Amino acid sequence: MLPPFDLVPGVRLRLVRAGDGDALAAAARRNADHLAPWEPIRGADHATPARQEAFAADMVAQHAAGTAAAFVIVRDDTIIGQATVTHVVRGPFLSANLGYWLDAHETGRGIMTLAVGAVAEYCRDALGLHRLQAATLVHNDASQAVLARAGFERIGHAPRYLKIAGSWQDHVLFQRILKR
Ligand SMILES: CC(C)(COP(=O)(O)OP(=O)(O)OC[C@H]1O[C@@H](n2cnc3c(N)ncnc32)[C@H](O)[C@@H]1OP(=O)(O)O)[C@@H](O)C(=O)NCCC(=O)NCCS
């Protein structure tokens, strides 16, 4: 199946496209406090339409080149989340990294679990990948629960793996083998 994917009534998952900058910037502004503990410290221009339009353009170009696939989760015309596949590596690895977030007011409904499942199928069927990896902070219970429900398995502990919220923090690594 190809996107857009219907997740729950009124909520769709589609690829990022040119023109998403305004809605992405609005989502980043709305969710700045919600996301800050789980993300790198963002630059002063992060939540601006220009910065987000540049992100969208980069993702469209990377999708065409086969190195990334960025999705937005949309309710009506409002972007309420993202799921982003980056660092696609081919050859004998056929692997990529997955990151995601959901609007603070949309959590608790299973939307991200459905989105991650749809993205994994897309990575298998459209990108031809063998594996997806995700890394969560050790204390990110909500994210670990999403991955467990979406068929990922815990594969390790990575000390001081990513600089999140200003400090190098340990992460738990997960993978899903995308069986064909
Ligand atoms: C991580 C994050 C996306 C998880 O959001 P979430 O809403 O908990 O995940 P889901 O959308 O899959 O919803 C699961 C919740 O809905 C509930 N739910 C209701 N209906 C459900 C259904 N049909 N299917 C699955 N879960 C359902 C689940 O019980 C669960 O609630 P609980 O945690 O109280 O048990 C969100 O917390 C977030 O954006 N955090 C900040 C950014 C972040 O951490 N990103 C990940 C970095 S690794």
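Check the entry above for the structure.
Residues numbered from 1 in each chain as written. Predicted model: local features only at pLDDT ≥ 70, side-chain atom pairs only at ≥ 80, totals over all residues. Heavy atoms only, no water.

Caption draft 1: View of the packing of helix 1 (residues 21–30) against helix 3 (residues 49–65). Close contact between helix 1 and helix 3 brings their axes to 7 Å; oriented N to C, the two are set at 120°. Helix 3 is crossed by helix 1, and the crossing has right-handed handedness. When helix 1 is examined against helix 3, the residues Gly21, Asp22, Leu24, Ala25 and Arg29 are found in contact with a partner set consisting of Pro49, Gln52, Glu53, Phe55 and Ala56. Broken down by class, the residue content of the contact of helix 1 with helix 3 amounts to 5 nonpolar, 2 polar and 3 charged. (Axes fitted to C-alpha atoms, helices over the stretch in contact; angles between N-to-C directions. Helix = DSSP H or I, 4+ residues; strand = E, 2+ residues; numbered from the N terminus. Left-handed = near helix turned anticlockwise from the far one by under 90°. Contact = heavy atoms within 4.5 Å. Nonpolar A, V, L, I, M, F, W, Y, C, P; charged D, E, K, R; others polar.)

Caption draft 2: How the structure looks around the sheet that holds strand 3 (residues 69–75). Ordered in space as 1-2-3-4-5-6-8-7, the 8 strands form an open sheet in which the pairing is mixed. Of all strands in the sheet, those with a lone pairing partner are strand 1 (5–8) and strand 7 (153–164), marking the two edges. Between one strand axis and the next, the sheet turns through 30° on average, direction left out of account. Here strand 5 (residues 95–102) pairs with strand 6 (residues 131–137) via 3 bridges, running parallel. Directly across from Asn97, in strand 6, lies its bridge partner Gln133. Along the sheet, helix 1 makes contact with strand 3, strand 4 (78–89) and strand 5, crossing strand 4 at roughly 100°. (Pairing = 2+ DSSP bridges.)

Caption draft 3: The arrangement of the side chain of Asn31 in detail. You can see Asn31 is positioned in the loop between helix 1 and helix 2 (32–35). Looking at Asn31, its side chain comes within polar contact range of the main-chain nitrogen of Ala104, at 2.9 Å. Beyond its immediate chain neighbours, meaning those up to four positions away, Asn31 contacts Trp101, Leu102, Asp103 and Ala104. (Polar contact = N/O pair within 3.5 Å; in protein donor to acceptor, adjacent residues only side chain to side chain.)

Caption draft 4: Summary view of the site of the ligand. Tyr100, Gly108, Met112, Thr113 and Asn140 are the nearest of the 20 residues found near the ligand. Tyr100 is positioned such that a nitrogen or oxygen atom in its backbone is 2.7 Å from a nitrogen atom of the ligand. A distance of 2.9 Å is found between an oxygen atom of the ligand and a backbone nitrogen or oxygen belonging to Gly110. With the chains in place, 66% of the 930 Å² that the ligand exposes on its own is no longer accessible. Residue assignment for the shell around the ligand shows that the elements contributing at least two residues are helix 2, strand 5, helix 4 (111–125), strand 6 and helix 5 (141–149). Ranked by residue count, the leading element in the shell around the ligand is helix 5, at 4 residues. Here the shell around the ligand is composed, by residue class, of 10 nonpolar, 8 polar and 2 charged. (Near = heavy atom within 4 Å. Areas by Shrake-Rupley, 256 points an atom, 1.4 Å probe, with all protein chains shown as cover.)

Caption draft 5: Representation of the pattern of salt bridges. Using the criterion set out here, one finds 7 salt bridges in the structure. Between Asp103 and Arg30 there is a salt bridge, with the nearest N and O atoms lying 3.0 Å from each other. Here Asp103 is found in the loop between strand 5 and helix 4, whereas its partner Arg30 is found in helix 1, with 73 residues between them in sequence. Taking relative accessible area as the criterion, Arg30 reaches 43% and is therefore assigned partly exposed. The shortest N-O distance in the salt bridge between Glu106 and Arg75 comes to 2.9 Å. Taken as a pair, Glu106 in the loop between strand 5 and helix 4 and Arg75 in strand 3 lie far apart in primary sequence, 31 residues in all. For Glu106, a relative accessible area of 8% corresponds to the buried category. (Salt bridge = Lys/Arg side-chain N within 4 Å of Asp/Glu carboxyl O. Buried < 20%, exposed > 50% of the residue type's maximum accessible area, 1.4 Å probe, protein only.)

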